[in-house]
Amino acid sequence: QVQLVESGGGLVQAGGSLRLSCAASGRTFSSYAMGWFRQAPGKEREFVVAISWSGASTFYADSVKGRFTISRDNAKNTVYLQMNSPKPEDTAVYYCAADSRRLYGSRWPSEYDYWGQGTQVTVSS
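Parameters at a glance
Residues numbered from 1 in each chain as written. Predicted model: local features only at pLDDT ≥ 70, side-chain atom pairs only at ≥ 80, totals over all residues. Heavy atoms only, no water. Helix = DSSP H or I, 4+ residues; strand = E, 2+ residues; numbered from the N terminus. Rg over C-alpha atoms; globule rule 2.2 N^0.38 Å. Buried < 20%, exposed > 50% of the residue type's maximum accessible area, 1.4 Å probe, protein only. Contact = heavy atoms within 4.5 Å. Areas by Shrake-Rupley, 256 points an atom, 1.4 Å probe, with all protein chains shown as cover. Lys, Arg positive; Asp, Glu negative; His and termini not counted. Charge placed at Lys NZ, Arg CZ, Asp CG, Glu CD. Polar contact = N/O pair within 3.5 Å; in protein donor to acceptor, adjacent residues only side chain to side chain. Disulfide = S-S within 2.5 Å. Pairing = 2+ DSSP bridges.

**Student:** Give me the lowdown on the overall build of the protein chain, citing residues and values where you can.
**Tutor:** Within the protein chain, the regular secondary structure consists of zero helices and eleven strands. Across the protein chain, helices and strands are ordered from the amino to the carboxyl terminus as β-β-β-β-β-β-β-β-β-β-β. Relative to the compact-globule value of 14 Å for 125 residues, the protein chain shows a C-alpha radius of gyration of 13 Å, a close match. Projected onto its principal axes, the C-alpha coordinates of the protein chain cover approximately 40 × 30 × 25 Å. Across the 125 residues that make up the protein chain, the buried fraction comes to 41%. Contacts in the protein chain between residues at least 24 apart in sequence constitute 59% of all its contacts with a sequence separation of at least 6. As displayed, the protein chain has an accessible area near 6,400 Å², and 47% of this comes from carbon and sulfur atoms. Placing the 13 positive and 10 negative side-chain charges of the protein chain at their respective mean positions leaves the two points 3 Å apart.

**Student:** Would you mind going over the side chain of serine 106 in detail, with residue names and values included?
**Tutor:** With respect to the element layout, serine 106 can be found in the loop between β9 (92–99) and β10 (114–115). Using a relative accessible area of 14% as the deciding quantity, one classes serine 106 as buried. For serine 106, the side chain forms a polar contact with the main-chain nitrogen of tryptophan 108, separated by 3.2 Å. Here serine 106 is in contact with Phe37, Phe47, Ala50, Phe59, Glu111 and Tyr112, once residues within four sequence places are set aside.

**Student:** Could you give me a rundown of the state of the cysteines, with the residues and numbers involved?
**Tutor:** Counted under the stated rule, the structure contains one disulfide. Put simply, cysteine 22 and cysteine 96 are joined by a disulfide, and their sulfur atoms are 2.1 Å apart. Between cysteine 22 and cysteine 96, the S-S torsion sits near -80°, and that sign places the bridge as left-handed. Taken together, the positions of cysteine 22 in strand β3 (residues 17–26) and cysteine 96 in strand β9 put the pair 74 residues apart, joining distant regions of the chain. The same class applies to cysteine 22 and to cysteine 96, which are both buried.

**Student:** An account of the pairing of strand β7 (residues 68–73) is needed here, citing residue identities and associated values.
**Tutor:** Alternating positions in β7 separate cleanly, Phe68, Ile70 and Arg72 being buried on one face and Thr69, Ser71 and Asp73 remaining unburied on the opposite face. In this structure, β7 lies alongside strand β8 (residues 78–84), joined through six bridges in antiparallel fashion. Within β8, the position partnered with isoleucine 70 by the bridge is leucine 81. Here β7 hands over to β8 after four residues, with asparagine 77 in that stretch at a positive phi of 55°.

Dropping the structure here:
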């Protein structure tokens, strides 16, 4: 059982940088796979990146590979998304998600059973 709260969203210029945080409360966070998803108005929720329980394994959507970096600090119960060189098409509400049943995350939203409320990221051109 865990609650997730995202922070760090806001307005950023294209080519700048932004770091999102996902703070978890509850229990057993360190054994959960974690992921970031995003959703733009009128669009389906889109996979961004996932990270394994230990942080040793990650995989990224092709659209963000080389620009975004996920990390986790289990001692702080926090997952991060470092967004470098964001583009206007990265504008969306970003959601943190946890999969309590798996050690390795997936790209499918239906596999995740805990979600944060989301944080808005707007990238200006």
